[in-house]
Protein chains: 4
Amino acid sequence: MKTTILIHCNDQAGIVHAVTGFIQAKGGNIVYLDQHVDKQANVFFMRLESDFEHSAPTLDTLNREFSKKLAVPYQMQWSIHSHNEKPKMALFVSKYNHCLYDLLSRFNAGELQVEIPFIISNHTTLKSIADQFGVPFYHIPMTKETKASAEKTQLELLVSHKVDFIVLARYMQIVSKTLIDRYPNKIINIHHSFLPAFAGAKPYHAAFERGVKIIGATSHYVTEELDAGPIIEQDVTTVSHSHSINDFIAKGRDLEKIVLSRAVKLHVERKTMVYNNKTVIFS
Amino acid sequence: MKTTILIHCNDQAGIVHAVTGFIQAKGGNIVYLDQHVDKQANVFFMRLESDFEHSAPTLDTLNREFSKKLAVPYQMQWSIHSHNEKPKMALFVSKYNHCLYDLLSRFNAGELQVEIPFIISNHTTLKSIADQFGVPFYHIPMTKETKASAEKTQLELLVSHKVDFIVLARYMQIVSKTLIDRYPNKIINIHHSFLPAFAGAKPYHAAFERGVKIIGATSHYVTEELDAGPIIEQDVTTVSHSHSINDFIAKGRDLEKIVLSRAVKLHVERKTMVYNNKTVIFS
Amino acid sequence: MKTTILIHCNDQAGIVHAVTGFIQAKGGNIVYLDQHVDKQANVFFMRLESDFEHSAPTLDTLNREFSKKLAVPYQMQWSIHSHNEKPKMALFVSKYNHCLYDLLSRFNAGELQVEIPFIISNHTTLKSIADQFGVPFYHIPMTKETKASAEKTQLELLVSHKVDFIVLARYMQIVSKTLIDRYPNKIINIHHSFLPAFAGAKPYHAAFERGVKIIGATSHYVTEELDAGPIIEQDVTTVSHSHSINDFIAKGRDLEKIVLSRAVKLHVERKTMVYNNKTVIFS
Amino acid sequence: MKTTILIHCNDQAGIVHAVTGFIQAKGGNIVYLDQHVDKQANVFFMRLESDFEHSAPTLDTLNREFSKKLAVPYQMQWSIHSHNEKPKMALFVSKYNHCLYDLLSRFNAGELQVEIPFIISNHTTLKSIADQFGVPFYHIPMTKETKASAEKTQLELLVSHKVDFIVLARYMQIVSKTLIDRYPNKIINIHHSFLPAFAGAKPYHAAFERGVKIIGATSHYVTEELDAGPIIEQDVTTVSHSHSINDFIAKGRDLEKIVLSRAVKLHVERKTMVYNNKTVIFS
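Just so it is clear, the structure is predicted and the values come from calculations on it, not from any experiment.

S.K.: I would appreciate a short explanation of unusual backbone geometry in the present structure.
M.R.: The omega angle of the peptide bond from Leu195(C) to Pro196(C) is 10 degrees, so this bond is cis rather than trans. Inspection of the secondary structure puts Pro196(C) in the loop between β9 (187-191) and α7 (203-210). Residue Asn42(D) is not a glycine yet carries a positive backbone phi of 55 degrees. You can see Asn42(D) is positioned in the loop between β2 (29-38) and β3 (43-51). Overall, the relative accessible area of 38% leaves Asn42(D) in the partly exposed class.

S.K.: Is there a simple way to think about the pairing of strand β5 (residues 89-93) of chain D in this case?
M.R.: Put simply, side chains in a regular strand alternate between the two faces of the sheet. Residues and elements named next belong to chain D. Burial analysis of β5 places five of its five residues in the buried class, the great majority of the element. Here β5 shows no split at all, with Met89, Leu91 and Val93 on one side and Ala90 and Phe92 on the other all buried. The sheet contact formed by β5 and strand β8 (residues 165-168) spans four bridges and is parallel. Looking at the pairing, leucine 91 lines up with valine 167 of β8. Alignment of β5 against strand β6 (residues 119-121), held across three bridges, turns out to be parallel. Counterpart to phenylalanine 92 in the pairing with β6 is isoleucine 120.

S.K.: Help me understand the packing of helix α3 (residues 98-108) of chain B against helix α3 (residues 98-108) of chain D in this model?
M.R.: Pairs of packed helices are described in terms of their axes, by the angle between the two and the distance that separates them. Contact geometry of α3(B) with α3(D) gives a least axis separation of 10 Å together with a crossing angle of 150 degrees. By the angle between their directions, the pair α3(B) and α3(D) is classed as roughly antiparallel. Viewed along their axes, α3(B) and α3(D) form a crossing whose handedness is right-handed. Residue-level contacts link Tyr101(B), Ser105(B) and Asn108(B) of α3(B) to Tyr101(D), Ser105(D) and Asn108(D) of α3(D). Looking at side-chain class alone, the contact of α3(B) with α3(D) contains two nonpolar, four polar and no charged residues.

S.K.: Honestly, helix α8 (residues 245-268) of chain D in this entry has me stumped. Any pointers?
M.R.: The periodicity of an α-helix, 3.6 residues per turn, causes residues three or four positions apart to be oriented the same way. Residue and element names in this part refer to chain D. Between the first and last C-alpha of α8 there are 34 Å, a value that for 24 residues agrees with the 34 Å anticipated at 1.5 Å per step. Counting buried residues along α8, 18 of its 24 residues qualify, which places the element largely inside the surrounding structure. Positive backbone phi, approximately 55 degrees, marks arginine 270, located one or two places after α8.

S.K.: Just to check I follow, could you spell out the UniProt feature "domain: ACT" (unreviewed entry) in chain A for this structure?
M.R.: When the UniProt feature table is mapped onto this chain, "domain: ACT" (unreviewed entry) is found at residues 4-75 of chain A. Taken end to end, residues 4-75 of chain A is 38% helix and 36% strand, and its two terminal C-alpha atoms sit 19 Å from one another.

S.K.: Hey, could you run me through the UniProt feature "active site" (unreviewed entry) in chain A in this one?
M.R.: Per the UniProt entry, the sites bearing "active site" (unreviewed entry) are Asp227(A) in this numbering. Counting through the fold element by element, Asp227(A) comes out in the loop between β10 (214-221) and β11 (231-238). You can call Asp227(A) buried: its relative accessible area is 9%. When near neighbours in sequence (up to four residues on either side) are disregarded, Asp227(A) contacts Asn189(A), His191(A), Leu195(A), Ala199(A), Gly200(A), His220(A) and Arg210(B).

S.K.: Hey, could you run me through the sheet that holds strand β4 (residues 77-82) of chain D in this one?
M.R.: Residues and elements named next belong to chain D. Sheet architecture is open: four strands sit in the order β2-β3-β1-β4, paired in antiparallel fashion. Only two strands of the sheet have a single neighbouring strand rather than two, namely β2 and β4. Strand-to-strand, the axes of this sheet are offset by a mean angle of 10 degrees, without reference to chain direction. As paired elements, strand β1 (residues 2-10) and β4 share six bridges and run antiparallel to each other. If you follow histidine 8 over to β4, its bridge partner there is glutamine 77.

S.K.: Quick question: what am I supposed to make of the side chain of Gln234(C) here?
M.R.: Among the structural elements, Gln234(C) can be located in strand β11 (residues 231-238). Given a relative accessible area of 4%, Gln234(C) falls into the buried group. In this structure the side chain of Gln234(C) is engaged in a polar contact, spanning 2.9 Å, whose partner is the backbone oxygen of Leu195(C). Engagement of the side chain of Gln234(C) in a polar contact is seen with the side chain of Thr218(C), the distance being 3.0 Å. Beyond its immediate stretch of four places on either side in the chain, Gln234(C) contacts Phe194(C), Leu195(C), Ala217(C), Thr218(C), Val259(C), Val212(D), Lys213(D) and Ile214(D).

Parameters at a glance
Position labels on residues start from 1 in each chain and follow its written sequence. Chain letters start at A and ligand numbers start at 1, both assigned in the order the entries are written. For a predicted model such as this one, the threshold for reporting local features is a pLDDT of at least 70, and the threshold for listing and counting side-chain atom pairs is 80 or more; totals across whole chains, interfaces and linings nevertheless cover every residue. Calculated side-chain values reflect all of the structure's heavy atoms, with hydrogen atoms and water omitted. Helix and strand definitions follow DSSP, with helices as H or I runs of at least four residues and strands as E runs of at least two, each counted in order from the N terminus. Residue exposure (1.4 Å probe, protein chains only): buried if accessible area is under 20% of the type maximum, exposed if over 50%, otherwise partly exposed. Two strands qualify as a pair provided DSSP detects at least 2 bridges between them. Here the axes come from fitting lines to C-alpha atoms, over the contacting stretch only for helices, and the angles between their N-to-C directions go from 0 to 180 degrees. In this scheme, roughly parallel covers angles under 35 degrees and roughly antiparallel covers those over 145, while 65 to 115 is roughly perpendicular and the rest are oblique. The hand of a helix crossing depends on one turn: near helix anticlockwise from the far one by less than a right angle means left-handed, and clockwise means right-handed. For this analysis, residues touch if any pair of their heavy atoms sits within 4.5 Å. When residues are sorted by character, Ala, Val, Leu, Ile, Met, Phe, Trp, Tyr, Cys and Pro go into the nonpolar class, Asp, Glu, Lys and Arg into the charged class, and all the rest, Gly among them, into the polar class. To estimate the expected span of a helix, count its residues, drop one, and scale the result by 1.5 Å. UniProt positions are given in the numbering used here, feature names are shortened, and annotations may be inferred rather than shown by experiment. Counting of polar contacts relies on pairs of N or O atoms within 3.5 Å, with two restrictions inside protein: one atom must be capable of donating a hydrogen and the other of accepting it, and residues adjacent in sequence are counted only when both atoms are side-chain atoms.

Right under this line is the structure:
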């Protein structure tokens, strides 16, 4: 069994020594070890990939013993993930197709180790793409009036399919507190600007208006405050006076799909940790 | 004589034809021609480098005839610059030395076709560098109370040395309306963030706090609204959770000096035009 | 009618004036004008977008008069393209799917103003994607022995469908002189390295072996010498000691599809001109 | 005392555990820990910053005990460096001033924790800059005939000043085996291309000729084979058909100085390890 362990706790002497000793004692071989100390906040972070090929404790055993020997004494927040688990990813889309195409193509090509139980949309525009890739598509219309009941329907689908995380692939709707509380740091959004510049609606128009020479895209975990959650990944591209707003949008599409797919991969490979509304990215 | 002509006016049929015809009639050879039409604003921009080696009209003649034959009929705003003119650049600094070192090194190496009549600072910290490069250094202290009189002294120096444009090489002071009005789109600032993100004080601290994955620097013309003038040049570099604020600052220094020097070069080579608080950059 | 005119010829006084005068005389309005002079080679290049909405000469008329009044006197090589023409693009693929997915997704999304009459492959691996997007797929197996006859079959398909240009979307086969001669500067390849570094087979392995810190991808027109044709577009991404060859390949896939799609767009929008085995890119 | 420990050895179970246990036992606190396993070569690399503020063993003691308890049993190659040591850096230059200016400016600004005992040049061109910054300058002319004796003089200077490493800041001379053997992986060169493309002389001319769309600079340790040593750092910038060779050179200057200074910093902070003609960079 291959596992990834994620840990964070107050920084203390001897943690690395204790954790590596634990893995060794269980017959594991450490394949990757990344650690980071936030000195301002005095918090220790670690990501550890181990191979228990020959010893083969169960995930339950590992969890129980890790808890007793390390997590409790060091007051850690932690999780252990077997590489056999494929997380279930739900896609929320609206009318833009580029991010959906990109994610489904990568999924089909074997780039993303996930299951995709369904796509949800408030429009039917992208149903044909879902059909093309053979992924169930749920059209859940959403108006100001029906928002609460529509989100209830969404939540029922998410729960019944045991969805692990949600990707807003240009969903264009504000997700409510109910959903966010249910999926804390598990809803990944792509915002079409270099945040914190141009948060909110129509960022390409705002960037054009301001006359910037570089535009960007930002993928972040969704929190209650709009476009203000922990940033996972950002990238940029140059623009000039000769580009129209439509050129910004076209260039931005390429950024959006690359940045979102990178963020999704990091999340799937459990290379992201969240603390103080920021991310630690072990890549 | 080699010249650069800058034009902007309402977009109209036949401008390129008319201007190129004028140059040809005067015996000039067009070396570069760049044009841009802002379709939203319906404004035409042109930059034209011409070589009058064999015909040699005077700059005065060119100006007079250009005005009569083109500028008046087409209602152009325009300027003609001989490549023999070396613009006079004043440097305003405070305590940070990296941009000053970079600009003076480039100047010494022959990269910048300017004259540098003097450096002004509100501190004496960088006097030794001015001495090292043999450039006059004026220490003009500035407090809240003395700001008006200090700026008056600055202005007298600028006027008496016939300074053409000012570079704020990490000057750290807000320039007042008097100076800005005197040098419209002729004061170049370097701001240590990817504007419009993190305008104002301590942008690296704000970027660190927000947890961005990319930081930037922006060079812009100074206008009355702080950090909101027309952007000339921007560049960025990646950061991660493993970087401290001091790492941001160190990485930022390299960005700042590169971005500022590019902006200064563009200005000196008359490749910048300003319209609607945005720039057209012919590079 | 909207048109794009491409011109190159020896640099001579008055060309811009003459061409803009011609457009004006025909009732056209110049929308974009880009020109470039290669001073080493003394060659003049121009790209001109014009709008003849109100005058509406036919393409034939324009061609005939342009030839008589400009092309012959100035000894130009030139072409005039109506924006109503959609060029026909054939796709050649082998087993890798990422570039094919990307191009077909963009095509479906309306990003590429082309027709795609068919996809050719020497394997059946990607037939399902062709089916998914409803594009005819021809499986033309190719061995050392059958190469000549296979290329004959390819050529018949190309000719019978009046294909304008070919995109090798990770085709992995060397295209023979016959095809290249028939489509000069009209076969676009994507090479998975930053050319001229790592030309030939297995560039990611070679890059890994060399220990480079940046990898790239290059799109170029195919010429007889392998990986040595005129470069249209390049881009790069950083790598480190912590990346395996498989990481290089995965990062490279994203580069390849972005770089190839940019090159295809530039070609379709007639923003590329070839001279002396180099490109002039008007973007 | 703050220390940095660098280790590499065959990958074996329990190394991290053993090393972290050693530090802890000596009263040290681990500040940073980076490790990397080259799975192809089965080699383990580690960089460890520790703080022995309260326990304060001497560097000698640490070295002796590390050797006995870890290095011998695990057959490690290793080094321990106190942060109080400032390495001595010799600069070799020829006629180009931009890298020299940049390094001396950074040194003066306190960015580089080194001593600079002297600058060596085969020309007197840059003596005035050495004077400007108060660094001793040795003019050692070099012709084909005098190369051996000139290098002998260089070596005497290096030895007598106990120089730790050498930076070739656009030195433009091939360094001989004698010097390389004396300073293995301790001579840092900046090559003005994106290696392995355009090794050897006149890379900007070769890049221009080939029509690349991106140019680069590469900093590497010098080995006997020209421009083929382990790469420390690379960076690139875009170019286009509109740039002349002189534009390439000017853009390249900025790359060269940034890339060289980054490589020098990585070396000074002991973040580089060399193995199989490649580097592991802990940054």
